[in-house]
Amino acid sequence: MPATPGVAVFGVPRTPVSGYEVVRMNESIDTLRQEFEQDFAAISDMETWKSVRDRYLARDSGVITTALKKLRDIPKEDRPAFGQAMNRLRTFVEERLQEKFAAVRDADLASKLQKTDVTRPGFPISLGAVHPIKQLQKEIEQIFVSMGFQVFDLPEIEKDYYNFEALNMPRNHPARDAQDTFYFDQTNLLRTHCSAVQVHSMEAMKPPIRAISTGKVYRRDPFDATHSPMFYQVDVIVVEEGITMGDLKGMLDAFLKRLFGPGTLMRLRPGFFPFVEPGAEVDISCIFCSGRGCAKCKQSGWIEILGAGMVHPKVLRMSNIDDSRYSGFAWGMGIDRVAILKYGVDDIRLFFDNDLRFLRQF
Ligand SMILES: [Zn+2]
């Protein structure tokens, strides 16, 4: 049984001590060392190792730490000798404990392993997967990155200026009605399309510009089989010298063939969007009947897929692009709409209900 440690070290009187007292202090250090040796010999595992370490070295209450704090109670002339002796003891204790540490740790691990059946089968881990809309979003981005486009990651909370005004839709413009908007205040809104990439990219770069942005957009639509107040879009812009409608057609054709398959045909019909002139609605040959006519395409053989056009000169000028030198095209497409077509899903809500039975099919 270890004696109460350090009894003689504590309560050293403030009055000067005689040579006899110093001898007593040295004896007490020896006693302390012996007590430590006894405690040390009893260390059998990590728990006892920690308790011995704390008993002697703990910052607040360790025997050695406390004794060193009492140094000021000892007469000045005796302090160096006592301090040195205590420090030697502390170093000795630290070293012994350090030596023992690895052995104690290994023994602890071995005893834990003994109690563990490592051959027992583990618990099954259920893996998540990327949402089908997100997969499609990445696929579309990769097609454009391979064509040298820059991807802009833009905020979902947008300024009215970027969402409308700089896209040739000033306040009270009738086209704003078609995009029933969630406003926070006069200036801030939830973006209704990703078309702000046109303005942001023209502000950030000099032509030639090839930029796209994809992500969530918001409109005050009902939540039914064909509408959702939140959906995904991709918007594309190219601005260079000498860009024509022919470039737009060529790039769209290449993109749609990569997305829907090499046999995909495309046609343009006149369409109106305030930020392009001229504008076009773009159809692809029906992917269900290959253009022969079916219920999905209302027997027309064509399916409307996106809106496009040549960037309006006003939009170029508002973003400080010289419209006498540069021209460009832009287009936007709903990613959910593509998902509905590609995967043959007839209710957009299925993509957002997060029913795992549905999502695991992709
Ligand atoms: Zn069809």
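Remember, predicted model here, so these are calculated numbers, not experimental data. (Residues numbered from 1 in each chain as written. Predicted model: local features only at pLDDT ≥ 70, side-chain atom pairs only at ≥ 80, totals over all residues. Heavy atoms only, no water.)

S.K.: Could you clarify how one ought to interpret the packing of aromatic side chains in this entry?
M.R.: Note on aromatic pairs: each is described by the distance of the centres and the angle between the planes. Here the structure, examined in full by the defined rule, presents 14 aromatic pairs. Measuring from centroid to centroid gives 4.9 Å for Phe 144 and Phe 255, while their planes differ by 35 degrees, and the two rings are tilted. Remark: Phe 255 occurs in helix α8 (residues 245–260) and Phe 144 occurs in helix α5 (residues 132–146); sequence separation between them is 111 residues. Arranged with centres 6.1 Å apart and planes meeting at 40 degrees, the rings of Phe 351 and Phe 362 form a pair that is tilted. On the criterion of sequence distance, the pair formed by Phe 351 in helix α11 (residues 350–353) and Phe 362 in the segment after α12 (356–359) is long-range, its members being 11 residues apart. Judged by relative accessible area, Phe 351 falls into the buried class, the value being 0%. Among the aromatic residues, ring-to-ring pairing joins Phe 36, Phe 40, Tyr 56 and Phe 92 into one connected group. One Lys or Arg, Arg 33, reaches over the ring of Phe 92 and ends 4.6 Å from the middle of that ring. Here Lys 296 stacks its cationic end above the ring of Phe 288, 5.1 Å away from the centre of that ring. (Phe/Tyr/Trp six-rings, centres within 6.5 Å; stacked < 30°, edge-to-face > 60°. Helix = DSSP H or I, 4+ residues; strand = E, 2+ residues; numbered from the N terminus. Buried < 20%, exposed > 50% of the residue type's maximum accessible area, 1.4 Å probe, protein only. Lys NZ or Arg CZ within 6 Å of the ring centre and 35° of its normal.)

S.K.: Before we go on, may I ask you to explain the coordination of the zinc ion in this structure?
M.R.: A four-donor tetrahedral metal ideally has 109.5 degree angles, and a six-donor octahedral metal ideally has angles of 90 or 180 degrees. At 2.1 to 2.3 Å from the zinc ion lie its protein donor atoms, namely Cys 286 (SG), Cys 289 (SG), Cys 294 (SG) and Cys 297 (SG). Given 4 donor atoms and angles of 102 to 114 degrees at the metal, the environment of the zinc ion is assigned as tetrahedral. In primary-sequence terms, the residues that donate to the zinc ion follow C-x2-C-x4-C-x2-C. Look at Cys 286 and you get buried, because its relative accessible area is 2%. Note on Cys 289: relative accessible area 5%, which makes it buried. (Donors = N, O, S within 2.8 Å, 3.2 Å for Na, K, Ca; no water. Tetrahedral: all angles 85-135°; square planar, octahedral: opposite > 155°, others 65-115°.)

S.K.: Can you walk me through the environment of Asn 354 in this structure?
M.R.: Mapping Asn 354 onto the fold places it in the loop between α11 and α12. Spatially, the C-alpha atom of Asn 354 lies 9.1 Å from that of His 131, the residues being 223 residues apart in sequence. For Asn 354, the residues in contact, after removing those within four places along its chain, are His 131 and Leu 359. (Contact = heavy atoms within 4.5 Å.)

S.K.: How should helix α7 (residues 196–204) be read in this particular structure?
M.R.: Residues lying three or four places apart along an α-helix face the same way, a consequence of the helix completing one turn every 3.6 residues. With respect to burial, α7 is a largely interior element, 7 of its 9 residues being buried. Taken together, the buried positions of α7 are occupied by Ala 196, Val 197, Gln 198, Val 199, His 200, Ser 201 and Met 202.

S.K.: How should the side chain of His 312 be read in this particular structure?
M.R.: Looking at the secondary structure, you find His 312 in the loop between β8 (302–311) and α9 (313–318). In this structure His 312 touches Asn 168, Pro 274, Phe 275, Val 276 and Glu 277, once residues within four positions along its chain are discounted.

S.K.: Where do I start with the pairing of strand β5 (residues 230–241) in this structure?
M.R.: A regular strand places its side chains so that they alternate between the two faces of the sheet. Within β5, 11 of the 12 residues are buried, leaving the element largely enclosed by the surrounding structure. Direction of pairing for β5 relative to strand β9 (residues 326–334): antiparallel, over a ladder of 9 bridges. Across the sheet, residue Ile 237 finds its bridge partner in β9, namely Ala 330. (Pairing = 2+ DSSP bridges.)

S.K.: How do you make sense of the environment of Phe 288 when you look at a structure like this?
M.R.: Note that Phe 288 resides in the loop between β7 (276–285) and β8. For Phe 288, a relative accessible area of 34% translates into the label partly exposed. Taking the C-alpha atoms as reference, Phe 288 lies 9.0 Å from Gly 301; in sequence the two are 13 residues apart. In contact with Phe 288, other than residues within four places in its own chain, are Cys 294, Lys 296, Ile 303, Leu 341 and Gly 344.

S.K.: Looking at this model, I keep getting lost on the side chain of Asn 168. Mind explaining?
M.R.: Along the polypeptide, Asn 168 turns up in the loop between α6 (160–163) and β3 (188–190). Judged by its relative accessible area of 14%, Asn 168 falls in the buried class. From its side chain, Asn 168 meets the backbone oxygen of Pro 274 in a polar contact 2.9 Å long. In this structure, Asn 168 is in contact with His 173, Pro 274, Phe 275, His 312, Lys 314 and Val 315, ignoring residues within four places of it in sequence. (Polar contact = N/O pair within 3.5 Å; in protein donor to acceptor, adjacent residues only side chain to side chain.)

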